[in-house]
Amino acid sequence: MFCYNYIMNDKYIPLYRKYRPQRLDELVGQDHIKNALTNAIELNKISHAYLFTGPRGTGKTSTARIFAKSLNCKQGPTINPCGVCESCVDITNAVPMDVIEIDAASNRKVEDTQNILEKILYAPVYGKYKIYIIDEVHMLSNTAFNSLLKTLEEPPENVIFILATTEVHKVLDTIKSRCQRFDFRRITTDDIVKHLRYISDNEKINITDDALFTIAKNSAGGMRDSIALLDQLSILGGKDAITTDDINQLLGRISFDVLYKLAGALVTSNPQSALEMLENIYNSGNEPVQILSNLLDYLKNLLIVKNCREEIVFELTQLNEAQLGALKEQSSKVETHQIMSLVDKCAEYIKEIKLTNNPRLWLEVGIIDLANLTENTKLEDLQKRLTELEAGHTPQQASYKTPPAPVTKPEILSKPEIKKEIPKEPVKAVQPEVSDVKEPEPVKPVAPEPPEIAEDFSPMPKSQPVDSSNDIAALWGRLLENISSLPTKSLLRQWANPVELSSEKVVISINSENLLKQFLEGNKRQILSDAVNALFNHTNIVVRLPQPDDKPVKEKTPAPKSNAAPPPPVSLEPPVEDLPAPEEIEEAKAEAVQKIPVHQTMRSDMVNMVVDLFDGKFLD
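Because the structure is predicted, anything quoted here is derived from the model rather than measured.

For the protein, the count of helices and strands is 28 helices and 8 strands. By residue count, 37% of the 620 residues in the protein fall in the buried class. For the protein, the proportion of contacts with a sequence separation of at least 24, taken over those separated by at least 6, is 71%. When the accessible area of the protein is evaluated, it comes to approximately 37300 Å², of which 52% is carbon and sulfur surface.

This is the structure:
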């Protein structure tokens with residue numbers, strides 16, 4: 001049985017004040033705090049400072065008043081204050097005698113805190129304790145916190161501080177460490193509905209259970225907001241019960257039936273029908289952000305019904321059986337990734353509408369975009385497939401459902417193997433064995449054309465890994481030969497020393513911090529990576545400064561792989577009848593010289609090396 005003691009007058013008292021709990025057993029949804037404070041009173045283990053934290057409307061200030069009343073009641077400390085003694089009446093009517101309530105938002109200066117501390121030494125008038133309830137304590141300045149800190153640590157025996165806040169992370173850690181902390185949870189929807197039903201029956205408010213569920217859902221776990229909304233709806237009471245539609249009208253929310261029809265037009269990709277319904281919704285007084293926000297909430301429920309078990313769907317959506325049946329029927333016509341596409345687009349258009357000066361324009365554009373669900377999801381699927389193919393995923397790794405197109409020329413896959421075997425043949429016998437490959441043309445002095453077989457090949461195969469047991473000096477020489485930039489090659493010969501060259505790792509020390517930075521972050525990093533990849537078939541490269549245990553290595557000409565006699569020289573000169581005329585050769589040379597910039601023809605190797613070292617460039 002609930003007991004509410006108020007000094008009544010002719011003025012109307014709002015329901016959230018009239019039904020504020022006055023004893024610990026009347027707290028709703030905070031059983032853990034109720035049990036802890038009850039045990040503290042019964043065992044007489046009263047702390048000097050408490051910190052109550054949690055979302056708004058969950059009972060922090062009410063609990064602080066109840067606790068103060070239990071401590072200062074003439075029959076107390078007791079868990080059942082009488083409610084009629086001077087202390088109980090003063091606390092109920094918020095008369096600052098022994099229990100002083102302070103709003104830190106309007107008393108946040110250090111002077112306000114000092115005024116409070118000056119009055120602490122005065123003894124209580126009626127009760128046993130002098131209790132200070134500081135609401136929204138996180139609003140105090142750091143200076144005010146520091147002035148409160150010493151008194152909070154060692155207050156007089158008859159002084160108790162109760163600090164309440166919704167943002168505990170803004171409270172200084174030194175303050176939190178000196179308080180007993182109690183975290184208030186959001187009140188569950190079921191607890192709010194039960195309490196609202198109790199108040200409705202007492203106040204003779206005719207309202208349906210579905211409407212109470214709607215109120216509880218819109219309160220975000222706060223009891224005070226729920227009771228305030230019920231108080232506002234009570235003026236609509238009459239012969240007919242208050243329904244969810246009445247709440248939607250009062251809150252400016254769109255009804256479930258309207259959202260069901262609008263979502264149906266989106267799912268079936270019907271932009272014309274969606275725009276017609278949007279016009280009616282907009283003309284009813286709903287703002288663009290509100291329309292898309294309600295639609296986003298509906299799509300969230302549709303996603304839950306599509307992917308969750310029936311046992312938990314009701315708890316997550318708080319919809320009745322008829323509405324859940326409609327959502328289940330609609331979810332069978334659409335895939336999960338399509339709902340997610342609608343959710344993403346809806347959220348993006350909400351952001352756009354908040355930033356634009358023409359929200360209705362973006363609202364209509366957004367609805368048209370959402371209503372083209374089928375085309376949008378097909379395009380997204382193609383983009384996803386393209387991204388996976390560009391990333392190098394095999395068809396087995398790709399996540400799209402449509403199978404890839406079959407390869408029309410499987411024989412091309414075996415042709416790189418032919419190219420790998422060509423160097424092993426004698427020079428005179430270099431002829432492809434494939435009948436459909438044409439014989440390469442003789443080498444010409446000017447711009448020889450590549451053989452036709454290159455058009456059918458995949459990317460050129462990389463060189464075979466080099467055996468790490470070879471002489472490091474010979475490997476260093478072969479690596480320098482693969483350096484494409486002459487200045488870079490010269491710098492490496494002068495400043496670099498190979499520490500480790502193997503098919504698993506390459507370690508090079510460079511005796512220059514500026515040059516080392518270029519090989520780590522500058523343009524020379526890619527040049528070295530290309531050379532190492534060509535020689536060792538990997539890019540696991542470590543470039544660092546020299547260390548004491550590094551051994552100097554001199555470049556050595558790479559030795560031949562075997563002791564076999566070299567093949568006899570073969571003349572690669574074309575037949576005399578294929579040679580171009582002397583006039584054609586002179587014209588080709590002149591044309592090639594004209595294409596070379598003047599500043600390149602005047603460079604020396606030393607100049608190129610200096611420009612490459614300092615990342616410079618020539619100005620024409």
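By the definition in use, this model includes 21 salt bridges. In this structure, arginine 181 and aspartate 183 form a salt bridge, with 3.1 Å as the shortest nitrogen-oxygen distance. A salt bridge links lysine 351 to glutamate 348; the shortest N-O distance between them is 3.9 Å. Linking lysine 351 with glutamate 348, this pair stays in helix H17 (residues 336-355), spanning 3 residues, or about one helical turn. When its relative accessible area of 45% is taken as the criterion, glutamate 348 is described as partly exposed. In the salt-bridge network here, residues are joined through shared partners; they are Arg23, Asp25 and Glu26.

This brings us to the sheet that holds strand E5 (residues 180-183). The pairing of strands in a sheet comes from backbone hydrogen bonds and takes either a parallel or an antiparallel form. With respect to topology, 5 strands assemble into an open sheet ordered E2-E3-E4-E1-E5, the strand pairing being parallel. Of all strands in the sheet, those bounded by a partner on one side alone are strand E2 (99-103) and E5. Direction aside, neighbouring strands of the sheet carry axes that sit 15° apart on average. Where strand E1 (residues 49-53) lies against E5, 4 bridges are found, and the strand directions are parallel. Across the sheet, residue threonine 53 finds its bridge partner in E5, namely aspartate 183. Most of the contacts of helix H2 (residues 31-42) go to E5, to which it runs at about 150°, and overall it touches E1 and E5. In the packing of helix H6 (residues 142-153) onto the sheet, contacts are made with E1, strand E3 (130-135) and strand E4 (159-165), and the angle to E4 comes to roughly 130°.

Attention now moves to a nonpolar patch on the surface. A cluster of nonpolar side chains, contributed by Val95, Met97, Val125 and Tyr126, occupies part of the molecular surface with about 340 Å² of accessible area. Within the fold, valine 125 resides in the loop between helix H5 (110-118) and E3. Taking relative accessible area as the criterion, valine 125 reaches 52% and is therefore assigned exposed.

With that settled, consider the packing of helix H12 (residues 256-267) against helix H14 (residues 288-307). Contact pair H12 / H14: the axes reach a minimum separation of 10 Å and the direction vectors enclose 80°. By the angle between their axes, H12 is roughly perpendicular relative to H14. Between H12 and H14, the contacting residues are Phe256, Leu259, Tyr260, Leu262, Ala263 and Leu266 on the first element and Asn294, Leu295 and Tyr298 on the second. Looking at side-chain class alone, the contact of H12 with H14 contains 8 nonpolar, 1 polar and no charged residues.

Let's shift gears to the sheet that holds strand E7 (residues 506-510). With mixed pairing, the 3 strands of this open sheet are ordered in space as E6-E7-E8. Of all the strands in the sheet, the pair left with one neighbour each is strand E6 (496-501) and strand E8 (541-544). Strand-to-strand twist across the sheet, computed as the mean angle between neighbouring axes with direction ignored, equals 20°. Two strands pair when backbone bridges link them, and E7 and E8 are joined in this way by 4 bridges, in the parallel orientation. Looking at E8, one finds that valine 507 is bridged to valine 542.

Ala274, Leu292, Leu295, Leu327, Leu363 and Ile367 are the most contacted members of the largest nonpolar core, which has 38 residues in total. Among the elements of the structure, H12, helix H13 (271-283), H14, helix H16 (321-331), H17 and helix H18 (359-371) are those that each provide at least two residues to this core. Ranked by the residues each element gives to this core, the list is headed by H14, at 9 residues. Excluding anything up to four places from it in sequence, leucine 292 contacts Cys346, Tyr349, Ile350, Ile353, Leu363 and Ile367.

Let us look at unusual backbone geometry. Phi is positive for glutamate 136, close to 50°, though the residue is something other than glycine. Examined against the element boundaries, glutamate 136 turns out to sit in the loop between E3 and H6. Judged by its relative accessible area of 23%, glutamate 136 falls in the partly exposed class. Not every positive phi belongs to a glycine, and serine 269 is a case in point at roughly 55°. Structurally, the position occupied by serine 269 is in the loop between H12 and H13.

Looking now at the packing of H5 against H6. For any two helices packed against each other, the geometry is given by the interaxial angle and the distance between the axes. The N-to-C vectors of H5 and H6 enclose an angle of 20°; their axes lie 8 Å apart at closest approach. By the angle class used here, H5 and H6 are roughly parallel. For the pair H5 and H6, the sense of crossing is right-handed. Contact with H5, carried on its side by Val110, Thr113 and Leu117, involves Thr143, Ala144, Ser147, Leu148 and Thr151 of H6 and no other residues of that element. Residue composition of the contact of H5 with H6, grouped by class: 4 nonpolar, 4 polar and no charged.

What counts as what
- All residue numbers refer to position in the chain's written sequence, counted from 1.
- Whole-chain, interface and lining totals are the exception, using all residues; otherwise, since this is a predicted model, local features are given only for residues with pLDDT of at least 70 and side-chain atom pairs are given and counted only at 80 or more.
- Processing note: side-chain calculations cover all non-hydrogen atoms of the structure and skip hydrogens and water entirely.
- Think of it this way: any DSSP run of H or I at least four residues long counts as a helix, any run of E at least two long counts as a strand, and we number them from the N terminus.
- Using a 1.4 Å probe on the protein chains alone, a residue whose accessible area is under 20% of its type maximum counts as buried, one over 50% counts as exposed, and one in between counts as partly exposed.
- In this analysis, two residues are considered to be in contact whenever any of their non-hydrogen atoms come within 4.5 Å of each other.
- Working definition of accessibility: Shrake-Rupley area with a 1.4 Å probe, residue cover restricted to the visible protein chains.
- Each reported salt bridge corresponds to a side-chain nitrogen of Lys or Arg within 4 Å of a carboxyl oxygen of Asp or Glu.
- In this scheme, strands are said to pair when DSSP sees at least two bridges between them.
- Each axis is a line fitted through C-alpha atoms, taken for helices only over the stretch in contact, and angles between the N-to-C directions span 0 to 180 degrees.
- Candidates for patches are residues over 30% relative accessible area with no salt bridge; among them, like charges are joined within 9 Å and nonpolar side chains (Val, Leu, Ile, Met, Phe, Trp, Tyr) within 5 Å.
- Oblique is the label for any angle not under 35 degrees, not over 145, and not in the 65 to 115 range, which are roughly parallel, roughly antiparallel and roughly perpendicular in turn.
- Gly counts as polar in this scheme, as do all residues outside two lists: the nonpolar Ala, Val, Leu, Ile, Met, Phe, Trp, Tyr, Cys and Pro, and the charged Asp, Glu, Lys and Arg.
- Only buried Ala, Val, Leu, Ile, Met, Phe, Trp, Tyr and Cys residues count toward a nonpolar core, and they belong to the same one when joined by side-chain atoms within 4.5 Å.
- Crossing handedness follows the turn of the near helix against the far one: under a right angle anticlockwise gives a left-handed crossing, and clockwise gives a right-handed one.

The analysis is restricted to geometry; functional conclusions fall outside its scope.
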